[in-house]
Amino acid sequence: MGAVTNLLSSATTANAASYVSASFTPSANDLLLVYTGATATLNVPSLTDSQSLGFTLSTNSAFNSTAHMITLWVANALAAATAMTVTASYGADAATGHVFVVAGVSGISRTGLSAIKQVTGQRNQGAGASPPDPVFAAAMTSSNVGVGFVSNNSSASTGDLAAPSGWTEATRVEHATPSHHMAWAFINSGSTLTTITWGGSTSGFAVICAELDDSSTGVGGQSTYGSASADPGRHLLLMARFA
């Protein structure tokens with residue numbers, strides 16, 4: 001059974017084509033998930049790391065009227081217990097602000113897309129939209145970890161989200177100019193939800209939720225059914241559901 005730890009959550013208003021995270025130290029054999037949120041670019045970044053684990057893109061989505069880009073990545077190998085950084089590079093289309101989240105998940109032997117059973121989300125939701133309520137294709141398995149990440153086109157005062165019932169809020173970070181408020185939450189086990197309903201208020205958002213696969217045999221769902229599109233006009237997975 002997996003257990004989630006918030007290893008890094010940070011935000012910057014630097015205008016840059018490449019962002020290097022602060023140093024963080026995973027536990028030995030953690031599976032790492034990395035979430036990025038970049039403002040004023042639709043480029044899907046490349047992601048590298050100082051442990052040379054390698055990362056595979058799980059999914060990506062635009063928000064704020066297709067002005068900003070969020071992504072979720074999964075490591076291709078389990079981490080060592082040594083300090084490391086990750087780097088997101090956006091190429092010619094520099095961003096005007098950036099958010100990093102790194103989650104460490106213990107107790108999972110799978111890596112890459114085989115570690116992700118299913119992904120869901122909502123993209124480009126307007127200011128008048130209800131709080132996030134993405135729907136998985138199937139109910140979660142109670143022994144599996146769930147994670148959810150929301151990027152909001154606002155500050156916390158106008159877009160203050162509450163974690164889904166029974167889930168734990170890990171942290172939230174934000175930056176201004178432009179406004180980007182990001183919150184994420186997780187559940188280690190016990191959820192059989194299909195719809196992942198958040199509380200609070202929003203002001204133009206996108207959300208990504210993923211269920212991890214802690215089984216030790218068989219083929220993980222996302223590696224079988226396809227990986228994320230790097231085309232910001234699609235934001236699809238064959239095993240993912242995006243509203």
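Figured I'd write up the structure that's included with this text. Worth saying up front: this structure is predicted, and the values here are computed from it rather than measured.

Next up on the list: the overall build of the protein chain. Regarding its fold elements, the protein chain presents one helix and 16 strands. Across the 243 residues in the protein chain, those meeting the buried criterion constitute 49%. Within the protein chain, counting contacts between residues at least 6 apart in sequence, those at least 24 apart form 81% of the total. Carbon and sulfur atoms form 50% of the exposed surface of the protein chain, whose accessible area is close to 8,500 Å².

Our focus in this paragraph is the pattern of salt bridges. One pass over the full model with this rule turns up two salt bridges. Notably, a salt bridge pairs Arg 110 with Asp 213, separated by 3.6 Å at the nearest N-O pair. With Arg 110 in the loop between strand S8 (97–106) and strand S9 (116–125) and Asp 213 in the loop between strand S15 (205–212) and helix H1 (221–225), this pair connects stretches of sequence that are 103 residues apart. Owing to a relative accessible area of 8%, Arg 110 belongs among the buried residues under this scheme. By relative accessible area, Asp 213 is classed as buried at 9%. Between Arg 172 and Glu 169 there is a salt bridge, with its nearest N and O atoms 2.5 Å apart. The class of Glu 169 is partly exposed, set by a relative accessible area of 35%.

What follows deals with the nonpolar core. Counting residues in each nonpolar core, the largest one holds 49 residues, and the members touching the most others are Val 147 and Trp 184. Formed by 12 residues, the second largest nonpolar core is a distinct cluster that contains Phe 136, Leu 161, Ile 187 and Ile 196.

Here we come to the pairing of strand S3 (residues 31–39). Of all the nine residues making up S3, nine are buried; the element is thus mostly covered by neighbouring parts of the structure. Neither face of S3 is open: one carries Leu 31, Leu 33, Tyr 35, Gly 37 and Thr 39, the other Leu 32, Val 34, Thr 36 and Ala 38, and all of them are buried. As paired elements, S3 and S8 share nine bridges and run antiparallel to each other. When the bridges of S8 are listed, Gly 37 appears paired with Val 99. Pairing geometry for S3 and strand S6 (residues 68–75), over six bridges, is antiparallel. By the bridge assignment, Thr 36 is partnered in S6 with Thr 71.

What follows is about the environment of Ala 11. Tracing the sequence through the fold places Ala 11 in strand S1 (residues 3–12). A residue is classified by how much of its surface remains accessible, and Ala 11, at 35% relative accessible area, is partly exposed. Considering only alpha carbons, one finds Ala 11 and Ser 21, 10 residues apart in sequence, at a separation of 9.5 Å. Apart from residues no more than four positions distant in its own chain, Ala 11 is found in contact with His 98, Val 99, Val 173, Glu 174 and His 175.

A separate point is the sheet that holds strand S5 (residues 55–63). Spatially, five strands are ordered S1-S8-S3-S6-S5 in an open sheet, and the strand pairing comes out antiparallel. Two strands lie at the open edges of the sheet, namely S1 and S5, each paired on one side alone. For this sheet the average axis-to-axis angle between neighbouring strands, irrespective of direction, equals 15°.

A few words now on the sheet that holds strand S4 (residues 46–49). In space, the three strands of this open sheet follow the order S2-S7-S4, with antiparallel pairing throughout. The open sheet has two edge strands with one neighbour each: strand S2 (18–20) and S4. Averaged over all neighbouring strand pairs, the angle between strand axes comes to 15°, with direction disregarded.

This part is about the packing of aromatic side chains. Taken as a whole, this structure holds four aromatic pairs when the rule is applied. Between Phe 149 and Trp 184 the ring centres are 5.3 Å apart and the planes differ by 15°, which places this aromatic pair in the stacked class. Of the two residues, Phe 149 sits in strand S10 (residues 146–152) while Trp 184 sits in strand S13 (residues 180–187), which places them 35 residues apart along the sequence. For the pair Phe 149 and Trp 184, a shared accessibility class is recorded, and that class is buried.

It is worth spelling out unusual backbone geometry at this point. Here the residue pair Thr 177 and Pro 178 is connected by a cis peptide bond, since its omega of 0° sits within 30 degrees of zero. Here Pro 178 is to be found in the loop between strand S12 (168–175) and S13. Unusually for a residue other than glycine, Asn 29 sits at a positive phi of about 70°. Tracing the backbone shows Asn 29 in the loop between S2 and S3.

About the thresholds
- Residues numbered from 1 in each chain as written.
- Predicted model: local features only at pLDDT ≥ 70, side-chain atom pairs only at ≥ 80, totals over all residues.
- Heavy atoms only, no water.
- Helix = DSSP H or I, 4+ residues; strand = E, 2+ residues; numbered from the N terminus.
- Buried < 20%, exposed > 50% of the residue type's maximum accessible area, 1.4 Å probe, protein only.
- Contact = heavy atoms within 4.5 Å.
- Areas by Shrake-Rupley, 256 points an atom, 1.4 Å probe, with all protein chains shown as cover.
- Salt bridge = Lys/Arg side-chain N within 4 Å of Asp/Glu carboxyl O.
- Core = buried A, V, L, I, M, F, W, Y, C linked by side-chain atoms within 4.5 Å.
- Pairing = 2+ DSSP bridges.
- Axes fitted to C-alpha atoms, helices over the stretch in contact; angles between N-to-C directions.
- Phe/Tyr/Trp six-rings, centres within 6.5 Å; stacked < 30°, edge-to-face > 60°.

None of the figures reported here should be taken as evidence of function without further support.
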